[in-house]
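# Remarks on the overall topology
Take a look at the letters that make up each chain.
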Number of protein chains: 2
Amino acid sequence: MPDQMQRIVLAKRPEGQPTRENFRLETVAMPSPGEGEVLLKVLYMSLDPYMRGRMDDAKSYSAPVAIDEQMGGGAVGEVIESRSSRFNPGDIAMGMFGWGSHGVVAASELRKIDAGVAPVSTSLGVLGMPGFTGWYGFNEIGKPKAGETLVVGAATGPVGSMVGQLAKQKGLRAIGIAGGADKCAYAVEELGFDACIDHRATSDAKALRKELSEACPDGIDIYFENIAGMTLEAVLPMMNVGGRIPLCGMIAWYNSGALGAGETSGPDRLPKAWRTILVNRLTVGGFIISDHFDRFADFLAEVGPLVGNGKIAYREDVTEGLENAPDAFIRMLGGKNFGKTIVKVGDAG
Amino acid sequence: MPDQMQRIVLAKRPEGQPTRENFRLETVAMPSPGEGEVLLKVLYMSLDPYMRGRMDDAKSYSAPVAIDEQMGGGAVGEVIESRSSRFNPGDIAMGMFGWGSHGVVAASELRKIDAGVAPVSTSLGVLGMPGFTGWYGFNEIGKPKAGETLVVGAATGPVGSMVGQLAKQKGLRAIGIAGGADKCAYAVEELGFDACIDHRATSDAKALRKELSEACPDGIDIYFENIAGMTLEAVLPMMNVGGRIPLCGMIAWYNSGALGAGETSGPDRLPKAWRTILVNRLTVGGFIISDHFDRFADFLAEVGPLVGNGKIAYREDVTEGLENAPDAFIRMLGGKNFGKTIVKVGDAG
């Protein structure tokens, strides 16, 4: 057992796009599990867009990360010391270990992973929080009906790819938006989207709306919102009467300064957005997946077999080494990842 | 039977606040009812904020009024000629006659009014579309629970006063916003609001939020949105997790130019509003009451007796004479009405 571990802390708050200087790799003493707790060696850790929001000192759904505090997040690891009867050394478990090589977590906050069902890394993506986010928002807020049209951004990411594939299975028309021709080809050919629009080849919201109009001849019934920015501006006027907008993220705005403390420049888009919600009788439903863990077993029961038999495809973008997590995170925020962003931190055994 | 009637048409589109020049009173030939139609003499006509939206040449939930076309709207009248077996001369009925002294409407689009239950003018207010709007949005989108806190603007208007009184009957804390000390006193003393804030005595959104914070020590669970503008800006950050926003109007923006064809000046309030919807897991539900007439009988069955026995109070602001409708409408948009705005157009019999 090593007596030290590595972790990455928030060194200073970003202004706009984070850089390496916002993070610091530290070596600290290995923690010991208390009664009911478990020490794990991290195998894979998750990088997710919501983490960008926590780097700002603004009210969010979880408290901001403090300066010099370890970056938080989900990870999957191997138990190396247990003071809980529920876990034994060698068990694989998923929990909120944060950005680190090891972690101590209460056994009650760990979920045991059966490594025989799927690669353990899937517990961070297609069978973890992102997949669950897509499944929950699509079904519970999207209220899909066969024949309707759905649009989702970040279509090859772990949330968007789940939403698009579920939509196709329920008989909807599914249109993706992604950054790059390679991602768009993958969305159509591997994930089964009816069409995918490359926003990098699109100059502005107006041009994007034109492409969406061609891809959505019957308008849009469900806009699964994880992007905001230009995509929201393009989509909103195309929503059909009675449309639904499950809202779980706004990656385009996390880095833009639009959510910062200062005032953003105009025009003020709120009045027209508000009117569109009224005129088209839209329902916008913000949700945070951690409110809904009571439905996680339902999700796994439905989606686990679909992943097992290949009816739900997934793709992972794996970076090796904890020390490379900041670069991988910055790449992801810039849309340069392709699939669920994961850092391989250590090997099992 | 006179051979002519009066009507008011849209003379030109307003820029911002309407003026008398936007309207024109005309005398035209009396129309004749066709088979299945009914000719009515209008007794009372309704003036409602949504009519301002229809004066703009912008997509809305109903087509814009064309230039030289009669202004639309609900009215209650007495049948003077019937070519339908469902109506006889002397019957009182409510329908969409528009701004005019008389009107021909298909019998199938008329609702017969029992003048014995309440004054017939109530079919335009507390027992008509405005009251129904408040009842539907409060119950179906607001999903109220005893002990929660509700905020509604235009608290002494026909929608806001319904919402506030229903909220009190269901055991919620109800906070109104209204323009003027007299309206606020009425909201608290006659309608039973727990408090009412005078937005005319409030300098900006920040000051309004400060007053709301004192009136809503436990935050806000339901914001019944018919105002938008400064009130929305003040309320949104105070919404509790899981809060609901039934959205049926935005009177503050109808006249401000914020919804016009041009770009409005900044700051862009959409990103922060969108983040608040996400972070606080809000549900914003736009609705148009004409989609829900299948529930009108339920509304009347519940609220009719409450109006009859005085448990739901109402107030009407009556102007005499069709020719004075434009002035009354302009007064209402400026918040100078006190109660449901109605024009008395003619006498029965």
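These numbers were taken from a predicted model, which means no experiment stands behind them. (Residues numbered from 1 in each chain as written. Chains lettered and ligands numbered in written order. Predicted model: local features only at pLDDT ≥ 70, side-chain atom pairs only at ≥ 80, totals over all residues. Heavy atoms only, no water.)

This part takes up unusual backbone geometry. Most of the time, phi is negative for any residue but glycine, and the peptide bond is trans. Despite not being glycine, Ala154 of chain A has its phi angle at roughly 45 degrees, a positive value. For Ala154 of chain A, a relative accessible area of 35% gives the class partly exposed. The residue Asp68 of chain B is not glycine, and still its phi comes out positive at about 75 degrees. For Asp68 of chain B, the position within the fold is in the loop between α1 (50–55) and β4 (75–82). (Buried < 20%, exposed > 50% of the residue type's maximum accessible area, 1.4 Å probe, protein only. Helix = DSSP H or I, 4+ residues; strand = E, 2+ residues; numbered from the N terminus.)

In this complex, chain A contributes 46 residues to the contact, which on the side of chain B involves 46 residues. Of the roughly 4,000 Å² buried where chain A meets chain B, counting both sides, 64% is carbon and sulfur surface. The tally of links between chain A and chain B comes to four salt bridges. For Arg269 of chain B, the salt bridge goes to Asp268 of chain A, with nearest N and O atoms at 3.0 Å. The interface formed by chain A and chain B includes nine residue pairs in polar contact (both at pLDDT 80 or more). Among the secondary structure elements, those contributing two or more residues to the side of chain A that touches chain B are β12 (239–247), α7 (251–254), α8 (270–279) and β13 (283–286) of chain A. Counting residues per element, the side of chain A that touches chain B draws most heavily on α8 of chain A, which supplies nine residues. (Contact = heavy atoms within 4.5 Å. Buried area = accessible area lost by both parts, 1.4 Å probe. Salt bridge = Lys/Arg side-chain N within 4 Å of Asp/Glu carboxyl O. Polar contact = N/O pair within 3.5 Å; in protein donor to acceptor, adjacent residues only side chain to side chain.)

A separate point is the side chain of Ser123 of chain A. Residues and elements named next belong to chain A. Relative to the assigned elements, Ser123 resides in the loop between β7 (111–112) and α2 (129–141). Classification of Ser123 as buried rests on a relative accessible area of 4%. In terms of polar contacts, Ser123 uses its side chain to reach the backbone carbonyl oxygen of Val120, at 2.7 Å.

Within helix α8 (residues 270–279) of chain B, nine of the 10 residues are buried, which leaves it mostly tucked inside the rest of the structure. The set of residues buried in α8 of chain B consists of Leu270, Pro271, Ala273, Trp274, Arg275, Thr276, Ile277, Leu278 and Val279 of chain B. Check the buried side of α8 of chain B and you find it contacts α6 (229–235), β12, α7, α8 and β13 of chain A together with β13 (283–286) of chain B. A positive phi of about 50 degrees marks Arg281 of chain B, the residue just after α8 of chain B.

Each copy superposes on the other: chain A lies on chain B with an RMSD of 0.0 Å after a rotation of 180 degrees and an axial shift of 0.0 Å. Viewed as a symmetry operation, the transformation between the two copies matches a two-fold axis. Comparing contact sets, 100% of the residues at the interface of chain A also lie at the interface in chain B, consistent with an isologous, same-surface contact. (Least-squares fit on C-alpha atoms with pLDDT ≥ 70 in both.)

Residue and element names in this part refer to chain A. When cut into domains, chain A gives domain 1 (4–125 + 315–344) and domain 2 (129–290). Using C-alpha coordinates to define each centre, domain 1 is positioned 28 Å away from domain 2. Contacts between the two partners involve 20 residues from domain 1 and, on the opposite side, 13 residues from domain 2. Summed over both sides, the interface of domain 1 with domain 2 buries roughly 1,500 Å², with 59% coming from carbon and sulfur. At the junction of domain 1 with domain 2, the criterion picks out zero salt bridges. The interface formed by domain 1 and domain 2 contains five residue pairs in polar contact (both at pLDDT 80 or more). Grouping the constituent residues of the side of domain 1 that touches domain 2 by class yields six nonpolar, eight polar and six charged. (Domains from an automatic or database assignment. Nonpolar A, V, L, I, M, F, W, Y, C, P; charged D, E, K, R; others polar.)

Here we come to the packing of helix α2 (residues 129–141) of chain B against helix α3 (residues 158–169) of chain B. All names here are of chain B. Across the interface, α2 lies against α3 with an axial gap of 8 Å and an inter-helix angle of 45 degrees. In terms of their interaxial angle, α2 and α3 are classed as oblique. Considering only the axes of α2 and α3, their crossing is right-handed. Seen from α2, the contacting residues are Pro130, Gly131, Thr133, Gly134, Trp135 and Phe138; seen from α3, they are Pro158, Val159, Met162, Val163, Leu166 and Ala167. Looking at side-chain class alone, the contact of α2 with α3 contains nine nonpolar, three polar and no charged residues. (Axes fitted to C-alpha atoms, helices over the stretch in contact; angles between N-to-C directions. Parallel < 35°, antiparallel > 145°, perpendicular 65-115°, else oblique. Left-handed = near helix turned anticlockwise from the far one by under 90°.)

Taken as a whole and assessed by the stated rule, the structure comprises 24 aromatic pairs over all chains. Ring geometry for Phe132 of chain B against Phe299 of chain B: centres 5.4 Å apart, planes inclined by 40 degrees, an arrangement best described as tilted. With Phe132 of chain B in helix α2 and Phe299 of chain B in helix α9 (residues 296–308), the pair connects residues that are 167 residues apart, well separated along the chain. Of the two residues, Phe132 of chain B and Phe299 of chain B, neither departs from the other in class, the shared state being buried. Summarising the aromatic geometry, the rings of Tyr186 of chain B and Phe338 of chain B are spaced 5.4 Å apart at their centres and angled 85 degrees between planes, so their arrangement reads as edge-to-face. Of the two residues, Tyr186 of chain B is situated in helix α4 (residues 181–189) and Phe338 of chain B in the loop between α10 (325–333) and β15 (340–344); the sequence distance between them amounts to 152 residues. Geometry around Tyr186 of chain A places Arg315 of chain A over its ring, the cationic atom sitting 5.3 Å from the centre. Just above the ring of Phe87 of chain B sits the side chain of Lys112 of chain B; from NZ or CZ to the centre is 5.1 Å. (Phe/Tyr/Trp six-rings, centres within 6.5 Å; stacked < 30°, edge-to-face > 60°. Lys NZ or Arg CZ within 6 Å of the ring centre and 35° of its normal.)

Residues and elements named next belong to chain A. Taking 1.5 Å per residue as the helical rise, helix α3 (residues 158–169) with its 12 residues ought to reach 16 Å, and the 17 Å between its terminal C-alpha atoms agrees with that figure. Among the 12 residues of α3, 10 are classified as buried, and the element is accordingly described as predominantly covered. Burial in α3 covers these residues: Pro158, Val159, Gly160, Ser161, Met162, Val163, Gly164, Gln165, Leu166 and Ala167. Of the surrounding elements, those touching the buried residues of α3 are α2, β8 (149–152), β9 (173–178), β11 (220–224), α9 (296–308) and β15 (340–344). Note on α3: the residue one or two positions beyond its end, Gly171, has a positive phi of about 85 degrees. (Expected span 1.5 Å × (residues − 1).)

The next thing to look at is the side chain of Thr133 of chain A. For Thr133 of chain A, the location among the structural elements is in helix α2. Among the polar contacts made by the side chain of Thr133 of chain A, one reaches the main-chain carbonyl oxygen of Met129 of chain A at a distance of 2.7 Å.

Attention now goes to the pairing of β11 of chain A. Two faces, one strand: in a regular strand the side chains alternate between the faces of the sheet. Residue and element names in this part refer to chain A. Buried residues dominate β11, accounting for five of its five residues. Pairing of β8 with β11, which is carried by three bridges, proceeds in the parallel orientation. For Val152, the partnering residue across the bridge sits in β11 and is Phe224. Two strands pair when backbone bridges link them, and β11 and β12 are joined in this way by two bridges, in the parallel orientation. (Pairing = 2+ DSSP bridges.)

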